[in-house]
Amino acid sequence: MAEVKLAAETRTEFGKGAARRIRRDSKVPAVVYGHGADPVHLTLPGHELQLALRTPNVLLSLEIDGKTHLAIPKAVQRDAIKGFLDHVDLLLVRSGEKVNVEVYVHTEGELAPGAYLLEHVLSTLNVEAEATHIPESVTVSIAGLEAGAAILAKDIPLPKGTTLATDEDAVVLQVLAAQAEEAPAESAEAEGTEA
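These lines cover the structure that appears in this document, whether it is placed above or below.

What counts, and at which threshold
- Residues numbered from 1 in each chain as written.
- Predicted model: local features only at pLDDT ≥ 70, side-chain atom pairs only at ≥ 80, totals over all residues.
- Heavy atoms only, no water.
- Core = buried A, V, L, I, M, F, W, Y, C linked by side-chain atoms within 4.5 Å.
- Buried < 20%, exposed > 50% of the residue type's maximum accessible area, 1.4 Å probe, protein only.
- Helix = DSSP H or I, 4+ residues; strand = E, 2+ residues; numbered from the N terminus.
- Contact = heavy atoms within 4.5 Å.
- Pairing = 2+ DSSP bridges.
- Axes fitted to C-alpha atoms, helices over the stretch in contact; angles between N-to-C directions.
- Salt bridge = Lys/Arg side-chain N within 4 Å of Asp/Glu carboxyl O.

Quick notes on the nonpolar core
Counting residues in each nonpolar core, the largest one holds 22 residues, and the members touching the most others are Leu125 and Ile156. When residues of this core are traced back to their parent elements, those giving at least two are strand 5 (67–78), strand 7 (98–108), strand 9 (124–130), strand 10 (137–141) and strand 13 (171–177). Among the elements that take part in this core, strand 7 stands out by supplying four residues, more than any other. Those residues in contact with Leu125 that sit more than four places away from it in its chain are Val101, Glu102, Val103, Val105, Val138, Ala153, Ile156, Leu164, Thr166 and Val172. Judged by nonpolar contacts, the second largest core, of 19 residues, contains Ala30, Leu85, Val88 and Leu90.

Description of the pairing of strand 13
Across five bridges, the pairing between strand 8 (residues 116–120) and strand 13 is antiparallel. What sits directly across from Leu117, in strand 13, is Leu176.

Thoughts on the sheet that holds strand 1 (residues 3–10)
In space, the six strands of this closed barrel follow the order 1-3-2-6-5-4, with mixed pairing throughout. Strand after strand, the sheet turns through a mean of 45° between neighbouring axes, direction not considered. Strand direction decides the pairing type here: strand 2 (residues 27–34) and strand 3 (residues 37–45), joined by seven bridges, are antiparallel. Each residue of the ladder has a partner; that of Val28, found in strand 3, is Leu44. Lying over the sheet, helix 1 (residues 16–24) contacts strand 2, strand 3 and strand 6 (85–93), oriented at roughly 120° with respect to strand 2.

Overview of unusual backbone geometry
Non-glycine residue His35 carries a positive phi angle of around 55°. On the secondary structure map, His35 appears in the loop between strand 2 and strand 3. On the basis of relative accessibility, which here comes to 34%, the residue His35 falls in the partly exposed class. Backbone geometry places Asp65, a non-glycine residue, at a positive phi of 50°. Mapped onto the secondary structure, Asp65 falls in the loop between strand 4 (59–64) and strand 5. Accessibility expressed as a relative area gives 62% for Asp65, which makes it exposed.

Here we look at the pattern of salt bridges
Scanning the model with the defined rule gives three salt bridges in all. As a salt-bridge pair, Lys27 and Glu9 come within 3.0 Å of each other at their nearest N and O atoms. Note that Lys27 is positioned in strand 2 and Glu9 in strand 1, a separation of 18 residues in sequence. Taking relative accessible area as the criterion, Lys27 reaches 28% and is therefore assigned partly exposed. In this structure Glu9 comes out as partly exposed when scored by relative accessible area, which is 42%. For Asp169, the salt bridge is made with Lys154, and the minimal N-O distance between the two is 3.1 Å. Of this pair, Asp169 sits in the loop between strand 12 (163–164) and strand 13 while Lys154 sits in the loop between strand 11 (150–152) and strand 12, and the two are 15 residues apart along the sequence.

Let's talk about the pairing of strand 3
The pairing of strand 1 with strand 3 spans two bridges and is classified as antiparallel. Residue pairing in the sheet places Thr10 in a bridge with Leu42 of strand 3. Two successive antiparallel strands, strand 2 and strand 3, enclose a turn made up of two residues, where His35 displays a positive phi of approximately 55°.

Laid out in structure tokens, this is it:
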């Protein structure tokens, strides 16, 4: 997992007006908390933060008042229309510390030949991993699966040092048989002959 360095500025102004001024300067208001410390309100560079957040569970190295702190994103608020970052909550972490995060489930391979559909019951898994070694995603093979097959959380291979924090019997993926729809014309004819 890559570590992204960001220069952070502490902020003393709060409220909508202050947040708007920060965003007008292409920056993002943020708060960092954790380890029993008081929350610290920050201003982060908008473009660099947006690029960093493209990586799921990115590890951020924040330069705050001459000290370096590691943090992971906990909550990201975006403008509903334009998609710009409105606010970010960050959680302080330490090297070697275990954290609970969600990782995306990716599939590889093809289902067995036939009219089958793959249903993603869960698109992410809750896992516990070391803060500096959080996997971006996990991959599971669906090769050759037929209708009725299900992949449980415990069946998904996890990277070394990562443990499952989700119910191990939770269904993550299942294969369904495609349902053939009756043509509307045929059903109208069938209703007419019965009358």
